[in-house]
Amino acid sequence: RIRPVYLRLKLAIPYDAPDGRPVADVLALLVPKRATQRHLDVLAEAARRFADPDFRDRLSACADARAVKALFESDVH
């Protein structure tokens, strides 16, 4: 199974992000050796979510891991 790993950095990293803000959110996908189209679909969905300023604001407002997990699970389109 694909395992997403989300990290919120304590110190944001200066980066040439489209919104001009430093990067504090990191998402990694742990993908089985025999990757399928599914991992590309998961990656595309993650890119769509992180491109949405409202989603990023709601993610930043999450106070703990449970809130982050609930947000990712409830925001599926």
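All values derive from a computational prediction rather than experimental measurement.

Rules and cut-offs
- Residues numbered from 1 in each chain as written.
- Predicted model: local features only at pLDDT ≥ 70, side-chain atom pairs only at ≥ 80, totals over all residues.
- Heavy atoms only, no water.
- 1 Å grid on protein atoms, 1.4 Å probe; cavity = no way out; pocket = protein on both sides within 12 Å on 5 of 7 lines; lining within 4 Å.
- Points joined across faces, edges and corners; volume = space filled by probe spheres on them.
- Helix = DSSP H or I, 4+ residues; strand = E, 2+ residues; numbered from the N terminus.
- Nonpolar A, V, L, I, M, F, W, Y, C, P; charged D, E, K, R; others polar.
- Patch = residues over 30% accessible without salt bridge, like charges linked within 9 Å, V, L, I, M, F, W, Y side chains within 5 Å.
- Areas by Shrake-Rupley, 256 points an atom, 1.4 Å probe, with all protein chains shown as cover.
- Salt bridge = Lys/Arg side-chain N within 4 Å of Asp/Glu carboxyl O.
- Buried < 20%, exposed > 50% of the residue type's maximum accessible area, 1.4 Å probe, protein only.

1. Observations concerning the layout of surface pockets
Put simply, the largest pocket is a space of about 640 Å³. In terms of lining, the largest pocket is formed by 19 residues, of which the most central are Pro 4, Val 42, Arg 49, Phe 72 and Glu 73. Within the residue set of the lining of the largest pocket, elements represented by two or more residues are strand 1 (3-13), strand 2 (23-30), helix 1 (37-51) and helix 3 (65-74). Per element, the largest residue contribution to the lining of the largest pocket is 6 residues, and it comes from helix 1. Looking at the lining of the largest pocket residue by residue, the class counts come to 12 nonpolar, no polar and 7 charged. In this structure, the second largest pocket encloses a volume near 490 Å³. Contributing to the lining of the second largest pocket are 16 residues, with Ala 17, Asp 19, Val 23, Phe 50 and Arg 56 lying nearest its centre. Of all the secondary-structure elements, those providing two or more residues to the lining of the second largest pocket are strand 2, helix 1 and helix 2 (53-61).

2. Examining a nonpolar patch on the surface
Together, Val 5, Leu 7 and Leu 30 line one region of the surface with nonpolar side chains, adding up to about 240 Å² of accessible area. Following the sequence through the fold, Leu 30 ends up in strand 2.

3. Some thoughts on the pattern of salt bridges
As enumerated under the stated definition, the model contains 4 salt bridges in all. Taking the shortest distance from any N to any O, the salt bridge between Glu 45 and Arg 49 comes out at 3.1 Å. Within this pair, Glu 45 and its partner Arg 49 are both found in helix 1, separated by 4 residues, close to a single helical turn. Of the charged contacts in the structure, one is a salt bridge between Glu 73 and Lys 69, with a shortest N-O distance of 3.1 Å. In this pair, Glu 73 and Lys 69 are both assigned in helix 3, 4 residues apart and thus about one turn of the helix distant. Of the two residues, Glu 73 and Lys 69, both sit in the exposed class. In the salt-bridge network here, residues are joined through shared partners; they are Glu 45, Arg 48 and Arg 49.

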